[in-house]
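Structural description and commentary
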Amino acid sequence: MFKKLEIFPEKIIDINDGWKRSCTLVFTGDQIRKQETLWWEYPNGVLKLSSNDCDSYLLASFLIAMKEGVDIYIHGSVSSELLENITELQKIWAKCAPNIYKEVAIEVDEINHNHKKIDKAIVAFSGGVDAQFSAYRHSKHLASYATQPLCYGVFIHGFDIRLSDKEGFKLAAKKSKITLNDINLESIEVRTNIREVLSINWEHYFAAALASVLSGMNEIAGIGLIASSEPYDALILPWGSHPMTDPLLSSQNFRIIHDGAGYSRSEKLKLLTDWKVGLDNLRVCWVGNLTYKNCGMCEKCVRTRLNLLTAGVNNPGCFEGNLDTNILKKVILTNDAVRGEWILIAKEILKTGNGIELLQDVKKVINRPSVKWSKLLPVGSIRREWVKKILGKNK
(Lines give C-alpha, C1' and ligand atoms only; values in the text may rest on other atoms or scores of the structure.)
Protein backbone atom coordinates (compact mmCIF):
# COMPACT_ATOMS: atom_id res chain seq x y z
CA MET A 1 0.00 0.00 0.00
CA PHE A 2 1.35 3.42 -0.99
CA LYS A 3 1.88 6.13 1.62
CA LYS A 4 2.85 9.18 -0.41
CA LEU A 5 3.00 10.59 -3.92
CA GLU A 6 5.92 12.78 -4.93
CA ILE A 7 5.71 14.91 -8.08
CA PHE A 8 8.95 15.96 -9.78
CA PRO A 9 8.76 18.49 -12.64
CA GLU A 10 11.08 17.67 -15.54
CA LYS A 11 12.84 20.10 -17.86
CA ILE A 12 10.87 21.27 -20.88
CA ILE A 13 12.34 19.87 -24.10
CA ASP A 14 11.96 20.90 -27.74
CA ILE A 15 10.36 18.40 -30.12
CA ASN A 16 9.39 18.56 -33.80
CA ASP A 17 7.22 21.67 -34.31
CA GLY A 18 6.71 22.18 -30.60
CA TRP A 19 7.74 21.46 -27.03
CA LYS A 20 7.09 18.88 -24.35
CA ARG A 21 6.59 19.34 -20.62
CA SER A 22 6.44 16.44 -18.20
CA CYS A 23 6.52 15.34 -14.60
CA THR A 24 7.45 12.14 -12.82
CA LEU A 25 5.04 10.67 -10.27
CA VAL A 26 6.67 8.52 -7.61
CA PHE A 27 4.38 6.47 -5.37
CA THR A 28 6.18 5.02 -2.35
CA GLY A 29 5.23 2.81 0.59
CA ASP A 30 6.74 0.12 2.78
CA GLN A 31 9.27 -1.56 0.51
CA ILE A 32 7.26 -0.74 -2.62
CA ARG A 33 7.73 1.91 -5.26
CA LYS A 34 5.87 2.82 -8.44
CA GLN A 35 6.90 5.45 -10.96
CA GLU A 36 4.98 7.02 -13.85
CA THR A 37 5.77 9.85 -16.24
CA LEU A 38 3.04 12.18 -17.46
CA TRP A 39 3.63 14.40 -20.48
CA TRP A 40 1.96 17.13 -22.53
CA GLU A 41 3.06 18.19 -26.04
CA TYR A 42 2.22 21.68 -27.32
CA PRO A 43 2.89 23.32 -30.72
CA ASN A 44 5.35 26.20 -31.09
CA GLY A 45 2.55 28.76 -31.22
CA VAL A 46 1.92 28.17 -27.52
CA LEU A 47 4.44 30.02 -25.35
CA LYS A 48 6.43 27.89 -22.93
CA LEU A 49 5.84 27.87 -19.19
CA SER A 50 8.51 27.66 -16.55
CA SER A 51 9.67 24.09 -15.97
CA ASN A 52 8.99 24.68 -12.28
CA ASP A 53 5.29 25.49 -12.85
CA CYS A 54 3.42 22.51 -11.41
CA ASP A 55 -0.21 23.66 -11.62
CA SER A 56 -0.99 21.23 -14.45
CA TYR A 57 0.72 18.40 -12.59
CA LEU A 58 -1.39 18.91 -9.47
CA LEU A 59 -4.58 19.08 -11.55
CA ALA A 60 -3.64 15.84 -13.29
CA SER A 61 -2.78 13.92 -10.12
CA PHE A 62 -4.81 15.09 -7.10
CA LEU A 63 -7.74 12.75 -7.79
CA ILE A 64 -5.52 9.69 -8.21
CA ALA A 65 -3.84 10.61 -4.90
CA MET A 66 -7.27 10.82 -3.25
CA LYS A 67 -8.16 7.44 -4.71
CA GLU A 68 -4.95 5.91 -3.33
CA GLY A 69 -5.29 7.82 -0.04
CA VAL A 70 -1.74 9.20 -0.24
CA ASP A 71 -0.41 12.66 0.62
CA ILE A 72 1.10 14.74 -2.19
CA TYR A 73 4.59 16.29 -2.15
CA ILE A 74 5.29 18.61 -5.09
CA HIS A 75 8.91 19.52 -5.81
CA GLY A 76 8.08 22.72 -7.64
CA SER A 77 5.80 25.76 -7.65
CA VAL A 78 1.99 25.79 -7.40
CA SER A 79 -0.34 28.80 -7.53
CA SER A 80 -1.74 29.87 -4.17
CA GLU A 81 -5.33 30.06 -5.42
CA LEU A 82 -5.15 26.60 -6.98
CA LEU A 83 -3.98 25.14 -3.66
CA GLU A 84 -6.88 26.85 -1.92
CA ASN A 85 -9.34 25.57 -4.53
CA ILE A 86 -8.05 21.98 -4.54
CA THR A 87 -8.39 21.93 -0.74
CA GLU A 88 -12.10 22.70 -1.11
CA LEU A 89 -12.55 20.46 -4.14
CA GLN A 90 -11.23 17.50 -2.17
CA LYS A 91 -14.01 18.00 0.36
CA ILE A 92 -16.62 17.76 -2.40
CA TRP A 93 -15.21 14.52 -3.81
CA ALA A 94 -14.77 13.00 -0.35
CA LYS A 95 -18.35 13.90 0.55
CA CYS A 96 -19.93 12.75 -2.73
CA ALA A 97 -17.89 9.55 -3.18
CA PRO A 98 -16.57 8.65 0.29
CA ASN A 99 -15.95 5.01 -0.61
CA ILE A 100 -13.61 6.01 -3.42
CA TYR A 101 -11.85 9.24 -2.44
CA LYS A 102 -10.20 10.47 0.76
CA GLU A 103 -8.86 13.92 1.56
CA VAL A 104 -5.08 14.11 1.43
CA ALA A 105 -2.47 16.66 2.48
CA ILE A 106 -0.57 18.68 -0.12
CA GLU A 107 2.94 20.07 0.41
CA VAL A 108 4.85 22.15 -2.14
CA ASP A 109 8.38 23.48 -2.37
CA GLU A 110 7.14 26.89 -3.47
CA ILE A 111 3.79 28.72 -3.45
CA ASN A 112 3.32 31.13 -6.34
CA HIS A 113 1.49 34.31 -5.29
CA ASN A 114 2.10 36.19 -8.54
CA HIS A 115 -0.84 37.44 -10.56
CA LYS A 116 -0.98 37.94 -14.30
CA LYS A 117 -3.96 38.58 -16.53
CA ILE A 118 -4.05 37.57 -20.20
CA ASP A 119 -7.40 38.68 -21.56
CA LYS A 120 -7.89 35.82 -24.00
CA ALA A 121 -9.91 32.61 -23.68
CA ILE A 122 -9.54 29.07 -24.98
CA VAL A 123 -12.15 26.33 -25.21
CA ALA A 124 -11.54 22.60 -24.89
CA PHE A 125 -12.83 21.47 -28.27
CA SER A 126 -13.68 17.83 -29.03
CA GLY A 127 -15.97 18.60 -31.96
CA GLY A 128 -18.99 17.40 -29.98
CA VAL A 129 -22.26 19.17 -29.18
CA ASP A 130 -21.23 20.81 -25.91
CA ALA A 131 -17.87 22.07 -27.19
CA GLN A 132 -19.35 23.33 -30.46
CA PHE A 133 -22.05 25.19 -28.56
CA SER A 134 -19.54 26.97 -26.32
CA ALA A 135 -17.26 27.82 -29.25
CA TYR A 136 -20.12 29.16 -31.39
CA ARG A 137 -21.89 31.04 -28.58
CA HIS A 138 -18.82 32.98 -27.47
CA SER A 139 -17.35 33.56 -30.93
CA LYS A 140 -20.69 35.05 -32.04
CA HIS A 141 -21.06 37.07 -28.80
CA LEU A 142 -24.33 35.35 -27.90
CA ALA A 143 -23.64 35.03 -24.15
CA SER A 144 -24.46 38.66 -23.31
CA TYR A 145 -22.30 39.94 -20.44
CA ALA A 146 -20.90 36.41 -19.95
CA THR A 147 -19.27 36.39 -23.41
CA GLN A 148 -15.57 35.57 -23.16
CA PRO A 149 -12.78 36.82 -25.51
CA LEU A 150 -12.46 33.45 -27.22
CA CYS A 151 -9.43 33.09 -29.49
CA TYR A 152 -8.50 29.39 -29.51
CA GLY A 153 -9.94 25.90 -29.52
CA VAL A 154 -7.72 23.07 -28.27
CA PHE A 155 -8.15 19.60 -29.76
CA ILE A 156 -6.55 16.92 -27.59
CA HIS A 157 -4.98 13.66 -28.75
CA GLY A 158 -4.98 11.00 -26.04
CA PHE A 159 -8.47 11.44 -24.59
CA ASP A 160 -11.29 10.03 -26.74
CA ILE A 161 -8.82 9.13 -29.53
CA ARG A 162 -5.98 6.90 -28.38
CA LEU A 163 -2.39 8.00 -28.98
CA SER A 164 -1.80 4.95 -31.16
CA ASP A 165 -4.56 6.05 -33.57
CA LYS A 166 -2.54 8.68 -35.42
CA GLU A 167 -4.52 8.53 -38.66
CA GLY A 168 -7.87 8.78 -36.87
CA PHE A 169 -6.69 11.81 -34.94
CA LYS A 170 -5.30 13.45 -38.07
CA LEU A 171 -8.66 13.18 -39.84
CA ALA A 172 -10.63 14.28 -36.77
CA ALA A 173 -8.27 17.23 -36.24
CA LYS A 174 -8.82 18.28 -39.84
CA LYS A 175 -12.57 18.45 -39.19
CA SER A 176 -11.95 20.36 -35.97
CA LYS A 177 -9.78 22.91 -37.76
CA ILE A 178 -12.37 23.49 -40.49
CA THR A 179 -15.04 23.99 -37.83
CA LEU A 180 -13.04 26.39 -35.67
CA ASN A 181 -11.66 28.39 -38.59
CA ASP A 182 -15.20 28.99 -39.81
CA ILE A 183 -15.85 31.05 -36.66
CA ASN A 184 -12.41 32.68 -36.74
CA LEU A 185 -10.86 30.62 -33.94
CA GLU A 186 -7.35 29.23 -34.09
CA SER A 187 -7.15 25.44 -33.73
CA ILE A 188 -4.40 24.15 -31.42
CA GLU A 189 -3.54 20.44 -31.23
CA VAL A 190 -2.15 19.01 -27.99
CA ARG A 191 -1.02 15.47 -27.17
CA THR A 192 -0.91 13.93 -23.69
CA ASN A 193 -0.59 10.47 -22.15
CA ILE A 194 -2.38 11.18 -18.87
CA ARG A 195 -5.53 9.19 -19.65
CA GLU A 196 -3.59 6.16 -20.81
CA VAL A 197 -1.22 6.17 -17.83
CA LEU A 198 -3.47 6.91 -14.85
CA SER A 199 -5.94 4.25 -13.75
CA ILE A 200 -9.00 6.23 -12.67
CA ASN A 201 -12.67 6.53 -13.58
CA TRP A 202 -12.74 8.83 -16.61
CA GLU A 203 -16.30 9.95 -15.79
CA HIS A 204 -14.88 11.43 -12.58
CA TYR A 205 -11.57 12.62 -14.01
CA PHE A 206 -12.19 14.23 -17.41
CA ALA A 207 -12.64 17.87 -16.30
CA ALA A 208 -9.47 17.78 -14.18
CA ALA A 209 -7.67 16.25 -17.17
CA LEU A 210 -8.96 19.02 -19.45
CA ALA A 211 -7.91 21.66 -16.94
CA SER A 212 -4.40 20.20 -16.80
CA VAL A 213 -4.10 20.71 -20.57
CA LEU A 214 -5.67 24.18 -20.62
CA SER A 215 -3.68 25.57 -17.68
CA GLY A 216 -0.49 24.62 -19.50
CA MET A 217 -1.38 27.37 -21.98
CA ASN A 218 -1.57 30.21 -19.46
CA GLU A 219 1.07 32.20 -21.33
CA ILE A 220 -1.34 32.80 -24.23
CA ALA A 221 -4.72 32.78 -22.46
CA GLY A 222 -6.07 33.50 -18.98
CA ILE A 223 -9.45 31.78 -19.28
CA GLY A 224 -10.38 28.19 -20.14
CA LEU A 225 -13.91 27.09 -21.05
CA ILE A 226 -15.06 23.59 -20.20
CA ALA A 227 -18.37 22.97 -21.92
CA SER A 228 -21.14 21.76 -19.61
CA SER A 229 -22.34 18.16 -19.73
CA GLU A 230 -25.69 18.53 -17.96
CA PRO A 231 -28.10 21.48 -17.63
CA TYR A 232 -28.78 23.14 -14.27
CA ASP A 233 -32.08 21.28 -13.83
CA ALA A 234 -30.48 17.84 -14.28
CA LEU A 235 -27.14 18.07 -12.47
CA ILE A 236 -25.43 14.95 -11.12
CA LEU A 237 -22.77 14.35 -8.48
CA PRO A 238 -20.35 12.67 -8.44
CA TRP A 239 -19.54 13.62 -12.03
CA GLY A 240 -16.32 14.87 -13.58
CA SER A 241 -17.65 18.24 -14.74
CA HIS A 242 -20.08 20.32 -12.69
CA PRO A 243 -20.75 24.07 -12.24
CA MET A 244 -19.78 23.69 -8.58
CA THR A 245 -16.50 21.84 -9.12
CA ASP A 246 -15.05 23.12 -12.43
CA PRO A 247 -14.32 26.66 -11.13
CA LEU A 248 -12.29 25.05 -8.33
CA LEU A 249 -9.81 23.91 -11.00
CA SER A 250 -8.77 27.57 -11.39
CA SER A 251 -5.68 29.47 -10.25
CA GLN A 252 -5.13 33.21 -9.92
CA ASN A 253 -3.47 33.09 -13.36
CA PHE A 254 -5.89 30.84 -15.20
CA ARG A 255 -9.65 30.81 -14.65
CA ILE A 256 -11.72 27.74 -15.51
CA ILE A 257 -15.34 28.44 -16.50
CA HIS A 258 -18.04 25.77 -16.62
CA ASP A 259 -19.94 26.96 -19.68
CA GLY A 260 -23.43 26.32 -21.04
CA ALA A 261 -25.33 24.67 -18.17
CA GLY A 262 -28.26 26.99 -18.82
CA TYR A 263 -29.07 24.87 -21.87
CA SER A 264 -30.07 21.25 -22.43
CA ARG A 265 -28.39 19.25 -25.18
CA SER A 266 -31.41 19.69 -27.45
CA GLU A 267 -31.43 23.45 -26.79
CA LYS A 268 -27.74 23.63 -27.67
CA LEU A 269 -28.34 21.81 -30.92
CA LYS A 270 -31.23 24.12 -31.73
CA LEU A 271 -28.78 27.04 -31.66
CA LEU A 272 -26.27 25.06 -33.73
CA THR A 273 -28.82 24.50 -36.51
CA ASP A 274 -27.86 28.00 -37.69
CA TRP A 275 -24.27 26.82 -38.20
CA LYS A 276 -24.06 24.44 -41.17
CA VAL A 277 -20.29 23.96 -41.02
CA GLY A 278 -20.57 23.04 -37.35
CA LEU A 279 -23.39 20.53 -37.88
CA ASP A 280 -21.70 18.95 -40.89
CA ASN A 281 -18.51 18.37 -38.87
CA LEU A 282 -20.12 17.41 -35.56
CA ARG A 283 -18.25 14.45 -34.01
CA VAL A 284 -19.88 12.78 -31.02
CA CYS A 285 -18.93 9.11 -31.39
CA TRP A 286 -16.23 7.38 -29.34
CA VAL A 287 -16.98 3.66 -29.89
CA GLY A 288 -17.07 3.32 -33.68
CA ASN A 289 -14.31 1.71 -35.70
CA LEU A 290 -13.45 5.05 -37.35
CA THR A 291 -12.67 7.58 -34.63
CA TYR A 292 -12.90 10.60 -36.94
CA LYS A 293 -16.58 10.03 -37.85
CA ASN A 294 -19.87 9.03 -36.24
CA CYS A 295 -20.84 5.35 -36.40
CA GLY A 296 -24.56 6.20 -36.18
CA MET A 297 -25.32 3.10 -34.07
CA CYS A 298 -23.91 3.70 -30.57
CA GLU A 299 -25.96 5.19 -27.73
CA LYS A 300 -24.40 8.64 -28.08
CA CYS A 301 -24.94 8.77 -31.85
CA VAL A 302 -28.57 7.71 -31.47
CA ARG A 303 -29.09 10.19 -28.62
CA THR A 304 -27.60 13.02 -30.69
CA ARG A 305 -29.81 12.19 -33.66
CA LEU A 306 -32.84 12.35 -31.37
CA ASN A 307 -31.63 15.67 -29.96
CA LEU A 308 -31.36 16.98 -33.52
CA LEU A 309 -34.78 15.58 -34.39
CA THR A 310 -36.41 17.50 -31.52
CA ALA A 311 -34.58 20.60 -32.79
CA GLY A 312 -36.18 20.08 -36.23
CA VAL A 313 -33.18 18.53 -38.04
CA ASN A 314 -33.97 15.14 -39.59
CA ASN A 315 -30.88 14.18 -41.59
CA PRO A 316 -27.82 16.21 -40.54
CA GLY A 317 -24.64 16.04 -42.63
CA CYS A 318 -22.63 14.55 -39.76
CA PHE A 319 -24.53 11.24 -40.02
CA GLU A 320 -24.88 8.91 -42.99
CA GLY A 321 -28.40 7.91 -44.02
CA ASN A 322 -31.64 7.99 -42.04
CA LEU A 323 -32.02 7.07 -38.39
CA ASP A 324 -32.70 3.33 -38.05
CA THR A 325 -35.34 3.30 -35.31
CA ASN A 326 -34.77 -0.42 -34.72
CA ILE A 327 -31.52 0.54 -32.99
CA LEU A 328 -33.59 1.93 -30.11
CA LYS A 329 -34.45 -1.66 -29.17
CA LYS A 330 -30.76 -2.33 -28.48
CA VAL A 331 -29.77 0.86 -26.64
CA ILE A 332 -28.75 0.30 -23.01
CA LEU A 333 -27.90 3.24 -20.74
CA THR A 334 -24.80 2.95 -18.58
CA ASN A 335 -25.13 5.69 -15.96
CA ASP A 336 -27.51 8.21 -14.41
CA ALA A 337 -26.08 11.13 -16.39
CA VAL A 338 -26.90 9.46 -19.70
CA ARG A 339 -30.33 8.37 -18.43
CA GLY A 340 -30.99 11.99 -17.51
CA GLU A 341 -30.20 12.99 -21.10
CA TRP A 342 -32.78 10.54 -22.43
CA ILE A 343 -35.39 11.81 -19.96
CA LEU A 344 -34.77 15.32 -21.32
CA ILE A 345 -35.21 13.99 -24.88
CA ALA A 346 -38.62 12.57 -23.92
CA LYS A 347 -39.59 15.96 -22.48
CA GLU A 348 -38.40 17.73 -25.65
CA ILE A 349 -40.44 15.36 -27.83
CA LEU A 350 -43.56 16.16 -25.82
CA LYS A 351 -42.76 19.88 -25.89
CA THR A 352 -42.02 20.20 -29.61
CA GLY A 353 -44.01 17.31 -31.08
CA ASN A 354 -40.96 16.45 -33.20
CA GLY A 355 -40.36 12.69 -33.16
CA ILE A 356 -43.61 11.99 -31.30
CA GLU A 357 -43.86 8.62 -33.07
CA LEU A 358 -40.67 7.55 -31.24
CA LEU A 359 -41.76 8.61 -27.75
CA GLN A 360 -42.76 5.12 -26.57
CA ASP A 361 -39.47 3.65 -27.83
CA VAL A 362 -37.55 6.39 -26.01
CA LYS A 363 -39.44 5.64 -22.79
CA LYS A 364 -38.53 1.95 -23.15
CA VAL A 365 -34.86 2.92 -23.41
CA ILE A 366 -35.18 5.03 -20.24
CA ASN A 367 -36.86 2.21 -18.31
CA ARG A 368 -34.58 -0.53 -19.59
CA PRO A 369 -32.27 -1.73 -16.77
CA SER A 370 -28.56 -1.07 -17.09
CA VAL A 371 -26.40 -4.07 -17.92
CA LYS A 372 -22.71 -4.06 -17.06
CA TRP A 373 -21.83 -5.64 -20.42
CA SER A 374 -23.07 -2.53 -22.19
CA LYS A 375 -20.02 -0.65 -20.92
CA LEU A 376 -17.62 -3.37 -21.98
CA LEU A 377 -19.34 -4.05 -25.32
CA PRO A 378 -21.07 -0.87 -26.54
CA VAL A 379 -23.23 -1.05 -29.67
CA GLY A 380 -21.10 -0.50 -32.76
CA SER A 381 -17.79 -1.34 -31.08
CA ILE A 382 -15.22 -3.76 -32.46
CA ARG A 383 -15.35 -5.74 -29.20
CA ARG A 384 -19.12 -6.25 -29.48
CA GLU A 385 -18.91 -7.49 -33.08
CA TRP A 386 -16.06 -9.83 -32.16
CA VAL A 387 -18.05 -11.40 -29.29
CA LYS A 388 -21.15 -11.71 -31.49
CA LYS A 389 -19.10 -13.54 -34.11
CA ILE A 390 -17.76 -15.99 -31.51
CA LEU A 391 -21.29 -16.62 -30.25
CA GLY A 392 -22.56 -17.12 -33.79
CA LYS A 393 -24.92 -14.15 -33.64
CA ASN A 394 -23.57 -12.16 -36.55
CA LYS A 395 -25.96 -12.14 -39.47
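Everything that follows concerns the structure shown earlier in this document.
Residues numbered from 1 in each chain as written. Predicted model: local features only at pLDDT ≥ 70, side-chain atom pairs only at ≥ 80, totals over all residues. Heavy atoms only, no water.

What follows concerns the overall build of the protein chain. Across its full length, the protein chain holds 13 helices and eleven strands. In terms of overall size, the protein chain behaves like a compact globule, its C-alpha atoms giving a radius of gyration of 21 Å where 395 residues would be expected to give roughly 21 Å. Expressed along its principal axes, the backbone C-alpha trace of the protein chain runs to roughly 60 × 50 × 40 Å. The buried share of the protein chain, reckoned over its 395 residues, is 55%. Restricting the contact set of the protein chain to residue pairs at least 6 apart, pairs at least 24 apart contribute 72%. Where the 51 positive side-chain charges of the protein chain centre and where its 45 negative ones centre are 8 Å apart. (Helix = DSSP H or I, 4+ residues; strand = E, 2+ residues; numbered from the N terminus. Rg over C-alpha atoms; globule rule 2.2 N^0.38 Å. Buried < 20%, exposed > 50% of the residue type's maximum accessible area, 1.4 Å probe, protein only. Contact = heavy atoms within 4.5 Å. Lys, Arg positive; Asp, Glu negative; His and termini not counted. Charge placed at Lys NZ, Arg CZ, Asp CG, Glu CD.)

Turning next to the side chain of Ser176. Mapped onto the elements, Ser176 comes out in helix α4 (residues 166–182). Residue contacts for Ser176: discarding those within four places in its chain leaves Phe125, Phe155 and Ser187.

Where helix α7 (residues 265–272) meets helix α9 (residues 299–310), the closest approach of the two axes is 8 Å, and the angle between their N-to-C directions is 65 degrees. At the point where α7 passes α9, the crossing takes the right-handed sense. Contact with α7, carried on its side by Arg265, Ser266 and Leu269, involves Lys300, Arg303, Thr304, Asn307, Leu308 and Thr310 of α9 and no other residues of that element. (Axes fitted to C-alpha atoms, helices over the stretch in contact; angles between N-to-C directions. Left-handed = near helix turned anticlockwise from the far one by under 90°.)

A rise of 1.5 Å per residue sets the reference length of α4, with its 17 residues, at 24 Å; its end C-alpha atoms lie 24 Å apart and thus fit the reference within 8%. Listed in full, the buried residues belonging to α4 are Gly168, Phe169, Ala172, Ala173, Ser176, Thr179 and Leu180. Summarising the axial view, the buried residues of α4 lie within an arc of 120 degrees, below the 170-degree limit, and thus occupy one face. Counted as exposed and oriented over 90 degrees from the buried face of α4: Lys170 and Lys174. (Expected span 1.5 Å × (residues − 1). Arc of directions from axis to C-beta.)

Counting buried positions along strand β8 (residues 150–157) gives seven out of eight residues, so the element sits mostly inside the fold. As judged from the four bridges shared by strand β7 (residues 121–124) and β8, these two strands associate in the parallel manner. Along β8, the bridge assignment pairs Ile122 with Tyr152. Alignment of β8 against strand β9 (residues 186–192), held across six bridges, turns out to be parallel. When the bridges of β9 are listed, Phe155 appears paired with Glu189. Taken together, β8, α4 and β9 constitute a β-α-β crossover, and its handedness is right-handed. (Pairing = 2+ DSSP bridges. Right-handed = clockwise from strand over helix to strand, strands pointing away.)

Before going further, it helps to spend a moment on the packing of aromatic side chains. A full pass over the atoms with the stated rule returns ten aromatic pairs. Taken together, the ring pairs connect Phe159, Trp202 and Tyr205 into an aromatic cluster. Positioned above the aromatic ring of Tyr73 is the side chain of Lys4, whose terminal nitrogen or guanidinium carbon lies 5.5 Å from the ring centre. (Phe/Tyr/Trp six-rings, centres within 6.5 Å; stacked < 30°, edge-to-face > 60°. Lys NZ or Arg CZ within 6 Å of the ring centre and 35° of its normal.)

A few words on α9. Here α9 spans 17 Å end to end across twelve residues, near enough to the 16 Å set by a 1.5 Å rise per residue. Counting buried positions along α9 gives eleven out of twelve residues, so the element sits mostly inside the fold. Gly312 lies just past α9 and shows a positive phi near 95 degrees.

With that settled, the discussion passes to the pairing of strand β5 (residues 71–79). Pairing of strand β1 (residues 2–9) with β5 involves four bridges; the strand directions are parallel. Counted as the bridge partner of Lys4 is Asp71 from β5. Pairing of β5 with strand β6 (residues 106–112), which is carried by six bridges, proceeds in the parallel orientation. Opposite Ser79, over in β6, you have Asn112 as the bridge partner. As for the winding sense of the linkage, the β-α-β connection from β5 through helix α2 (residues 80–96) to β6 is right-handed.

So, about the packing of α9 against helix α10 (residues 336–352). The geometry of α9 relative to α10 is characterised by a closest axis approach of 9 Å and an angle of 25 degrees between their N-to-C directions. Judged on the interaxial angle alone, α10 and α9 are roughly parallel. Considering the relative orientation of α9 and α10, their crossing is left-handed. Of the residues in α10, those in contact with Glu299, Val302, Arg303, Leu306, Asn307 and Thr310 of α9 are Val338, Glu341, Trp342, Ile345, Glu348, Ile349 and Thr352. (Parallel < 35°, antiparallel > 145°, perpendicular 65-115°, else oblique.)

Attention now moves to the pattern of salt bridges. If charged atoms from side chains of opposite charge come close, those side chains can pair. Taken as a whole, this structure holds 14 salt bridges when the rule is applied. With a shortest N-O distance of 2.7 Å, Glu219 and Lys116 are connected by a salt bridge. Here Glu219 is found in the loop between α6 (202–215) and β10 (223–227), whereas its partner Lys116 is found in the loop between β6 and β7, with 103 residues between them in sequence. Residue class for Lys116 comes out partly exposed when judged on its relative accessible area of 30%. (Salt bridge = Lys/Arg side-chain N within 4 Å of Asp/Glu carboxyl O.)

Let's shift gears to the side chain of Ser139. As for its placement among the helices and strands, Ser139 is situated in helix α3 (residues 129–139). Of note is the side chain of Ser139, whose polar atom sits 2.9 Å from the backbone oxygen of Ala135. In this structure the side chain of Ser139 is engaged in a polar contact, spanning 3.1 Å, whose partner is the backbone oxygen of Tyr136. Look past the residues within four positions of Ser139 in its chain and what remains in contact with it is Leu150, Ile183 and Leu185. (Polar contact = N/O pair within 3.5 Å; in protein donor to acceptor, adjacent residues only side chain to side chain.)

What follows concerns the state of the cysteines. Each disulfide consists of one covalent bond between the sulfur atoms belonging to two cysteines. In total, this model carries zero disulfides according to the counting rule given. Left unpaired, Cys298 is separated from the closest cysteine sulfur, that of Cys301, by 3.6 Å. The class for Cys298 is buried, based on a relative accessible area of 3%. (Disulfide = S-S within 2.5 Å.)

Distances and angles like these do not, on their own, reveal function.
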